[in-house]
Amino acid sequence: MNAREIPLQLTQFVLVVGAAPLLAGWIGQCRAWFANRSGAGLLQPYRVLRKLFHKSPVMAHEASLLFRIAPYILFGGMALAGAIVPMFSTGLPFAPVADAIALVGIFAFTRIFAALAAMDVGTAFGSMGARREMLVGFLAEPALLIVLFTPALISHSTSLTVIVMSLTAARLVLYPSMAFAAVAFTMVLLAENGRIPVDNPDTHLELTMIHGALDLEYSGRYLALIEWASAIKLLTYIAIGIALFVPWGIARSGHWAHFPLALAIFVVKVIAAGAGLALLETLLAKMRLFRIPEFLGTAFMLAVLGLLVHFLLGA
Amino acid sequence: MPLFAQAINMLAALFLLVAFAMLSQRRLANLINLYALQGLILGLSIGVVAYGTDQPKLYFSAGLNLILKVIAVPWLLRRLVRKLQVQWDRETILYIPTIMLLGLGLVIFAFNASLPLSELAGTINHNTLGIALASVLLSSLMMILRATAISQVIGFLALENGLIFAATSVTYGMPMVIELGIALDVIVGVFILGVFFFHIREQFDSLELNYLDRHED
Amino acid sequence: MSLLWILAIPLIGAAYLGLFGHREHAFIANAAFSLTTLAAAIVLTQRIIVHGPWLTHDAQFSVDPFNIFLVDLTAFVAMTTAIFSRAYMRIERYSGRVTAARLRLYHSMYQLFSFTMLLALLTNNIGILWVAMEGATLSTALLVSLYRTPASLEAAWKYFILCGVGIAFALFGTILLYFSAHSVIGPHNGLLWTRLNQIKGHLDPTIVSVAFVFLIVGYGTKVGLVPMHNWLPDAHAEGPTPISAILSGLLLNVALYAIVRFKVLADGSLHDNWPGALMMGFGLISLLVSAFSLSRQRDIKRLFSYSSIEHMGLATFAFGMGGPLASFAALLHMTVHSLTKSSLFFSSGHVAQKAGTQQIDQIHGLLERNPGMGWSLMLGSLAILGIPPFGVFTSEFLILTAAIHQEPWSLPFLILGLGVAFAAIFGKTQSMVFGASNVPKAPSPPSLIPSFIHLGLVLMLGLYIPPILASWYTHVAGMIHR
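Residues numbered from 1 in each chain as written. Chains lettered and ligands numbered in written order. Predicted model: local features only at pLDDT ≥ 70, side-chain atom pairs only at ≥ 80, totals over all residues.

Take the overall build of chain A next. Within chain A, the regular secondary structure consists of eleven helices and zero strands. Taken from the N to the C terminus, the helices and strands of chain A come in the order α-α-α-α-α-α-α-α-α-α-α. Here chain A has a C-alpha radius of gyration of 19 Å; the compact-globule value for 315 residues is 20 Å, and the two agree. Principal-axis analysis of the C-alpha atoms gives chain A an extent of 60 × 45 × 40 Å. Within chain A, the fraction of its 315 residues that count as buried is 47%. Considering only residue pairs separated by 6 or more positions, chain A has 80% of its internal contacts joining residues 24 or more positions apart. (Helix = DSSP H or I, 4+ residues; strand = E, 2+ residues; numbered from the N terminus. Rg over C-alpha atoms; globule rule 2.2 N^0.38 Å. Buried ≥ 20, exposed ≤ 12 C-beta atoms within 10 Å, placed from the backbone. Contact = placed C-beta atoms within 7 Å.)

We now examine the overall build of chain C. Regarding its fold elements, chain C presents 19 helices and two strands. A compact globule built from 482 residues would reach a C-alpha radius of gyration of about 23 Å, and chain C, at 21 Å, matches this within 12%. Each of the 482 residues in chain C was classed as buried or not, and the buried ones make up 63%. Looking at chain C alone, contacts between residues at least 24 apart form 82% of all its contacts between residues at least 6 apart.

A few words on the interface of chain B and chain C. Across the contact, 36 residues belong to chain B and 33 residues belong to chain C. Elements that contribute at least two residues to the side of chain B that touches chain C include exactly helix H4 (96-120), helix H5 (129-145), helix H6 (149-171) and helix H7 (176-204) of chain B. Sorting elements by how many residues they give to the side of chain B that touches chain C places H7(B) first, with eleven residues. When its residues are assigned to classes, the side of chain B that touches chain C shows 23 nonpolar, nine polar and four charged. (Nonpolar A, V, L, I, M, F, W, Y, C, P; charged D, E, K, R; others polar.)

Another aspect to go through is the interface of chain B and chain A. Contacts between chain B and chain A engage 19 residues on the former and 17 residues on the latter. Counting residues per element, the side of chain B that touches chain A draws most heavily on helix H1 (residues 3-24) of chain B, which supplies ten residues. Looking at the side of chain B that touches chain A, its residues break down into 14 nonpolar, five polar and no charged.

In this section: the arrangement of the chains. Among two pairs of chains with at least one contact, chains B and C form the most extensive contact set. Spatially, chain A is disjoint from chain C: no contact exists, and the shortest C-alpha separation is 18 Å.

What follows is about the confidence of the model for chain C. When pLDDT is averaged along chain C, the result is 90, and 99% of the positions lie at 70 or above. The complex model carries a pTM of 0.84, and its ipTM stands at 0.87. (pLDDT = per-residue confidence, 0-100.)

All names here are of chain C. Positionally, leucine 278 belongs in helix H11 (residues 274-294). Residue class for leucine 278 comes out buried when judged on the 21 C-beta atoms lying within 10 Å of it. When the C-alpha atoms of leucine 278 and leucine 314 are compared, they prove to be 13 Å apart, with 36 residues separating the residues in sequence.

Once that is clear, we can look at the packing of helix H7 (residues 176-192) of chain A against H1(B). In helix packing, the relevant descriptors are the interaxial angle and the interaxial distance, both defined with respect to the helix axes. It is the contact of H7(A) with H1(B), at a shortest axis distance of 8 Å, that shows an interaxial angle of 40°. Compared by their axis directions, H7(A) and H1(B) come out oblique. In this structure, H7(A) contributes A:Pro176, A:Ala179 and A:Phe180 to the contact, and H1(B) contributes B:Asn9, B:Met10, B:Ala12, B:Ala13, B:Leu14 and B:Leu17. Classifying every residue of the contact of H7(A) with H1(B) gives eight nonpolar, one polar and no charged. (Axes fitted to C-alpha atoms, helices over the stretch in contact; angles between N-to-C directions. Parallel < 35°, antiparallel > 145°, perpendicular 65-115°, else oblique.)

Turning to unusual backbone geometry, a few remarks are in order. Backbone torsion omega between C:Val226 and C:Pro227 reads 10°, so that peptide bond is classified as cis. Relative to the assigned elements, C:Pro227 resides in the loop between helix H8 (205-223) and helix H9 (231-238). The phi angle at A:His156 is positive, at roughly 55°, despite the residue not being glycine. Following the sequence through the fold, A:His156 ends up in the loop between helix H5 (124-155) and helix H6 (160-169). With a phi angle near 60°, C:His271 is a residue other than glycine that sits in the positive phi range. Given 10 C-beta atoms within a 10 Å radius, C:His271 is considered exposed.

Time to look at the environment of A:Leu307. Residues and elements named next belong to chain A. Among the structural elements, leucine 307 can be located in helix H11 (residues 292-313). For leucine 307 and glycine 276, which are 31 residues apart along the polypeptide, the C-alpha to C-alpha distance reads 26 Å. The residues touching leucine 307, leaving out its near neighbours within four places in the chain, are Ile146, Phe149, Thr150 and Ser177.

The residue C:Ala151 is located in helix H6 (residues 150-185) in this model. On a C-alpha basis, the gap between C:Ala151 and C:Asp234 in space is 8.3 Å, while along the polypeptide they are 83 residues apart.

Structure representation (C-alpha cells):
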C-alpha cells in the first residue's frame, strides 16, 4: 500500500458520501425538467436528510436490536463499496481489499440486512417488501456477476483497478462483448436501485412499491441513513458502469498532475449518466411486478451472450 | 486488429442483439423497425467489408441491401400493418424467458458448430460466421413460436438477412447474379404474402394462425 | 439453341397466358405451349444422344444423362397434365369455382412453374438452382390457394412458410459449399457443379459435411421427407388437381435430383458413407411414417399425397444406399412414380369433381356408372402398389434386391412399410371402385387419355426398358456411385 495515496482514498470516500445526495437531486431535477416541471432544486435531498435527522425516530415496540443497527450496516456497507470503486484514479489503497466479486458480495450483504430488518417488526408490508427485494436481488446478482466476468476475461483479472488499467492501456479498441455487457448492466442498475421500470422511487402506493415497503417502519435518523445509503449505492453503480464501459480519462496511480482533470471528467460523466438515467425513467413505464423476472432474465441472457460473443470473436 | 475489422465485429454483435430483440418483441411496429435496423446493420457491415478489402462489387451489394431492407420492405410491411389494422402479436406460445433460454442454447450450438468452419475462411470477418448461423437459427425459432402471420413473415425475412450475413462473412458474398436472384425472390415473396394476408383476413377475420389449425395430421 | 428454347417457350407462355389466360383458347394454348416445350426437349435429347453430354453458355448450363431424362420426364408430364387440365379446369370454370382472373393466374403460373423446374434441371450453377427452386415455391403457392377457401389458404400458407424455411436452409448449405470451393479455387466458378465435381476431392470435409446436412434438410423439405413433410398433403389436397399432379410428378423429383447432385459432391469430399447414411435415414423414416399415416386418410387426394411421401422416401433410401443397382432402381422408381402418381391424380381429380367430394367414404361403385374412371383409378392404384407387371414393381423389386445385398438390416422395415401401404391403399381404392354406385354418371366423357397413356408407359417400363433409357440410367448410376 502506498502511503502517499491515502489522502486520495480519503478524498474519494468523502466525495462519494458527501456528493451522493447531490446526484439524487440532479436526477430528480432532470426528471422534473423532462416532465416540464420546475423541480425542487439540486439540494432537495440534503434538505430532506436534514429534516429527517432533526426528527426523533419512532420505533415499534417489538423492534429488536437488528432493526436498530441495520441502517448503520447499510450505510457502512455502501460507503465501503463506494470507496473501493476506481472513480477518478486507479491508485486506491483500499481497492485490493475487494475485487468485483466481493463488491457484489457487499451489495448482497446489505440487502440481507435490509430484508431482515423489514421483517423484524412483523408488519405485512415489511415482509412483502422484503420478499420482493429478495426476488429482485436473486435475479439481478447473477446477471451482475456475469456482466463483470466479461471485462474480467478481457483483462484477465477480477480486480476493478486492474480492469480499468488494462481497458485504458490500449488505444481505442471496440469490444462487441462489452456492448452486450453494457446493456445488461444498465438493466441491472435500474433494478438494483429501484428505478423505473422496476420500481418507482417516488411512489406512495404501497401495493406496487418495493423499496418503499422495505423502510416503511423507519423514521427519523434511521430513515435518513437508509435514504443516504441508497443514494450512495446509485452513485457507486454509476461509477462501476463508468469504470467498466467508459473508463477513459481516469488518472493513473502516481500521476498527481492528472488528478484534477480526471476528477472533472468523472463529474461530467456522472452528470451525463444522471441525465441519461432520468431520460430513461421518463420514457419507460413502470412494469407490473410479475414482468420483473422477464426483465432481469433478459439482462442475464444479454450478459451471457456478451460472454459467448467474447469467446467467439476473441474480443 | 485493424479498426475496421473491429467495427465489423461490433456490427456483428449488434446484428445478434437485434435478432434477440426481435425474438422478444411483441409489437408489430417495433418488430418492423427492428427488421429495418437489422437491414441497416447488414448493409453497413457489407460496406465496411467493402472498404476494408477494397472490393467495389461489395459496395453495390451493400447498396442493394440498404435499399431493399431499410426502405422498400419495411415500407411494404408498414403499409400492410396499417391496412390490416393489426398492432400486436398475441402472447407468444412460451414464456419469454423460456424463449430467451432456448435462444441462448441455439447461440451456443451455433457458435460451437461454426468454430471449426470459420477457422478455414481467409476473410477478415470470418469470426462472424457463428453470429450469422446463430441469427439464422434464432429467426427460425421466431417463426416457430409466433402465432401471427406477419410476425412469421418478418422472421422469414430476418432469416434471409442472416443468410446474406453468412455469405458475407465466409466468402465476401455470393456472385452478383445470385444476390440479385435472392433479392428478387424476397421482394416477390413479400408481395405474394401481402396478397395472402388479405385473403386470410377475408376468410378468417384474423391473422392468427391458430384458427387455421384444422388439419391435424 | 434448343436448350434456350426449352426455357424460353414456357417463359413466353407465362407472359402470354398472363395476358390472355382467361380466354376460351387459353386451355388449348396452355397445352400447346407445353407440347412445344416437349418438342424442344426432344430436339435437345436428340442432340445429347448423338453428341453426348453438353456444357454450354459459359458452362452455365450442363446437360448430361442425369438431367436429360428428367427434362424429358418433366416436359412430358407437364404436357399430359396440361391436356388433362384443359378438361378439368374447363369444368371448374363453368361450375364457377374459379373466376376469369384466377384462371389467368392459374395458366400463367402453370407455365412459370414448368419454367422454374426446367431451369433447375438444366442449370449448372447451384446458385441458380436455388433461385429456380425458390421461384417454384413462389409460383405454386398462389396456385395452391387458387380456390381461396380457408383450407386452401391454410395449406398455401403452410406450404409457403415451411418451404421458405427449408429453402433458406438450402441457401445456407449452398453458401457453405461455395465457401469450401472458394478456399480451393477462389471466387470464380465456385458455384458451377461441373467445376465443383472436378475439385470435390480437395473440398474441406468439415465444411462439406455441415453443408450437406443443411442441403438435405433444405431440399428435403421440398421432397417431402419426414419430418419436414407437413406441407405436402395439405398443398396436394387443397390445390386444383392438375397442380397436385405436377407437384407430385415434377417438383418432388427435381428436389430429389438436387439432393443427389449434392450427394455426388459430398461423397467425393468425405470418403465415408455419411451422406448416404443420412439419406437412408431420412428415406426410411419417410417411408414408415407415411405408410402408417395412409390408413388414417379420409380424403382421396391426401391419401395419394401420403403415398408420394412414401415413394420419395423409398427413392431417397435407394439413392442413399448407392451402388449401381440401387441407383439404377432409384432412377427408374423416380420415373415410374412420377408417371403413375400423376395418372392417379388425374383419375382422382375427375372422381372428386363428379362425386362433388374428396371424402373416400362418400364415393362408391365407380365401375358401375363410370367404368373409365373406375378402371383408371383401380389400375393406377395397382401400379403404385407395385403389382407386377407394372414398372413400380420392377423398381421396388430392384431396390429390395439391392437392400438384401447392401443393407440387409433395412429389409424388414422396407417390407413393413410397403406392406402397410399396400393394405391401406388397396382397401380404400377397392371400396371406391366396387360396390353399389352413388356417383352420378358423368355428363360428358372425362379426359382419361393422359391417365391411360401414363399407365401404358408404366406398364411398358415394367416389361421392357428402352436401351437408351437403360444406358442413361447405368451411366448416371455410375456417376452417382462413389
